[in-house]
Amino acid sequence: MATSSAQEHAVSRGWKALSTLLVTAARHAKPLPLDGSFVNNPLHRGSTVVYPSMSAMRDAGQYTYDHVTLYGAMGSPNQHDLEQVMALIEGGMHSHVVSSGLSACTIPLLAYLSAGDHCLIIDSIYGPTRRFAETVMKRFGVEVSYYPADISTEQVRNYLKSNTKVIFTESPGSHTFEIQDIGALAELAHEYKAKLILDNTWGIGIFKPFDHGVDVSVQALTKYANGHSDLVLGAITVNNETDWKILRNTIIALGEVPGPDACWLTLRGLRTLSARLEQQSISGLKIAQWFAQQPQTERVLHPALPSCYGHDLWKRDFFGASSIFGVVFKNYVTPEQVVNMIENLSLFSIGASWGGYESLVLPTDSEIRRSFPNKILTGPACRFHIGLENSEDLIKDLEQAFSICFV
Ligand SMILES: *Cc1c(COP(=O)(O)O)cnc(C)c1O
């Protein structure tokens, strides 16, 4: 794909349609004197809700499954505002905000699995989700196994069992960025009467999970949704009342609740999501293409580039690309050279999270845990997150670090 058409594709469809929704959704100003109001919703902190009468208090019980505030641990008004916007972004019926992206991954697993069930997980799953599966889920008697991220959906069938109740996938996969055929995977899951859970963090705003038959979509709001690297938060979205009750009951039973301040900040971050993503996507693709041209690069793992597994599925299913991608270096490049290069960058900080306004880099060799041999990682690898700095400045920074370290 030529540079310009790839960039057009990366930015053409998704966020422009999102932008008006993000600016207008869930805005209810609190009246100020003279009938004025602030632009943003007020912040509500609280534990006890006091009622004007006993009957009002008794009536509250019927709203357990509604997005209304009954008690601090049942969710704040700021949480409910954010849930409304998240359901719109994901295209689902109900969203539940939880205290981290990781708890957004683990809670649906707790909600749908019991002792004796089998859970099939993609091999390129976010690492801490794998840790939860290997520790808590196994201890609670759930059978856990994995499927390779680079096989066809028909081959995934071979990994299913008669007791499979959940397929948990991520597309693109963590660190290796393989794209899955989510529609086909949903059909397969449903044939087995299993639920398909998707970690859709990379695809926020550019992949509509419920159009492809997903049952539960997970978002780490910590990433692009909040976008300012100053909090952790997650969201779980479902598309019917039955799934909503299962999810909500589990969350109430756990006592899981995000703080209102984090919800307020995340909703503020979301107002600018489409503008940030559009800009970061253009820069991200430009820099991914710069990497592809360097003699030290073996492969760039960016779904908008043909070198990435599932590129054609990305073209078919996604409305754009985000700005995080992987680079695999030639096998003659040593891990020490890569570390040296990274430490010579001035505009990229070394760090693990992503989706903020600032560029990041992370060597991924030691981050990647796989149950199957990985054909992609033929040399040292790094993950780059491209922020809102000027892309020419970022490329200059990379050029100087390459010239020092790869001589
Ligand atoms: C970061 C991340 C999470 C976890 O989010 P936290 O808020 O950091 O717990 C889950 N899934 C993916 C794909 C992530 O990148």
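- The name given to the protein chain in an unreviewed UniProt entry is Cystathionine beta-lyase, and the organism recorded there is Commensalibacter oyaizuii.
- Here is the UniProt Sequence similarities (unreviewed entry) comment for the protein chain, exactly as written: "Belongs to the trans-sulfuration enzymes family."
- Taken verbatim from the UniProt record of the protein chain, the Catalytic activity (unreviewed entry) comment is "L,L-cystathionine + H2O = L-homocysteine + pyruvate + NH4(+)".

### Considering the nonpolar core
So, step 1. F291, M341 and F384 are the most contacted members of the largest nonpolar core, which totals 110 residues.
So, step 2. Ranked by residues supplied to this core, first place goes to helix α11 (residues 273–292) with seven residues.
So, step 3. Of the domains in this structure, domain 1 (5–12 + 272–405) and domain 2 (24–270) are the two that each give at least three residues to this core.

### A few points about the site of the ligand
So, step 1. With respect to spatial proximity, 13 residues lie near the ligand, and among them G101, L102, D199, T222 and K223 are the closest.
So, step 2. One nitrogen or oxygen atom from the main chain of G101 is found 2.7 Å from an oxygen atom belonging to the ligand.
So, step 3. Taken by itself the ligand offers 380 Å² of open surface, and the protein chains cover 89% of this.
So, step 4. Counting residues per element, the shell around the ligand draws most heavily on helix α5 (residues 101–112), at three residues.
So, step 5. Partitioning the shell around the ligand into residue classes produces six nonpolar, four polar and three charged.

### Looking at the environment of P306
So, step 1. Within the secondary structure, P306 is located in the loop between β8 (297–301) and α12 (311–317).
So, step 2. It is 33 Å that separates the C-alpha atoms of P306 and N239, two residues lying 67 residues apart in sequence.

### Focus: the domain arrangement of the protein chain
Where interface size is quoted, it is often the accessible area lost as the parts come together.
So, step 1. Along its sequence, the protein chain is carved into domain 1 (5–12 + 272–405) and domain 2 (24–270).
So, step 2. The centre of domain 1, based on its C-alpha atoms, is set 27 Å off from the matching centre of domain 2.
So, step 3. Where domain 1 abuts domain 2, roughly 3,600 Å² becomes buried across the two surfaces, and 61% of that area is made up of carbon and sulfur atoms.
So, step 4. Considering only the surface of domain 1 that becomes buried against domain 2, Y309, F318 and W354 emerge as the three largest contributors, covering 19% of it.
So, step 5. Run the count over domain 1 and domain 2 and you get two salt bridges.
So, step 6. Between D150 and K375 there is a salt bridge; the shortest N-O distance is 2.9 Å.
So, step 7. One can count 24 residue pairs in polar contact (both at pLDDT 80 or more) joining domain 1 with domain 2.

Analysis parameters
Residues numbered from 1 in each chain as written. Predicted model: local features only at pLDDT ≥ 70, side-chain atom pairs only at ≥ 80, totals over all residues. Heavy atoms only, no water. UniProt positions renumbered as here; feature names shortened; annotations may be inferred. Core = buried A, V, L, I, M, F, W, Y, C linked by side-chain atoms within 4.5 Å. Buried < 20%, exposed > 50% of the residue type's maximum accessible area, 1.4 Å probe, protein only. Helix = DSSP H or I, 4+ residues; strand = E, 2+ residues; numbered from the N terminus. Domains from an automatic or database assignment. Near = heavy atom within 4 Å. Polar contact = N/O pair within 3.5 Å; in protein donor to acceptor, adjacent residues only side chain to side chain. Areas by Shrake-Rupley, 256 points an atom, 1.4 Å probe, with all protein chains shown as cover. Nonpolar A, V, L, I, M, F, W, Y, C, P; charged D, E, K, R; others polar. Buried area = accessible area lost by both parts, 1.4 Å probe. Salt bridge = Lys/Arg side-chain N within 4 Å of Asp/Glu carboxyl O.

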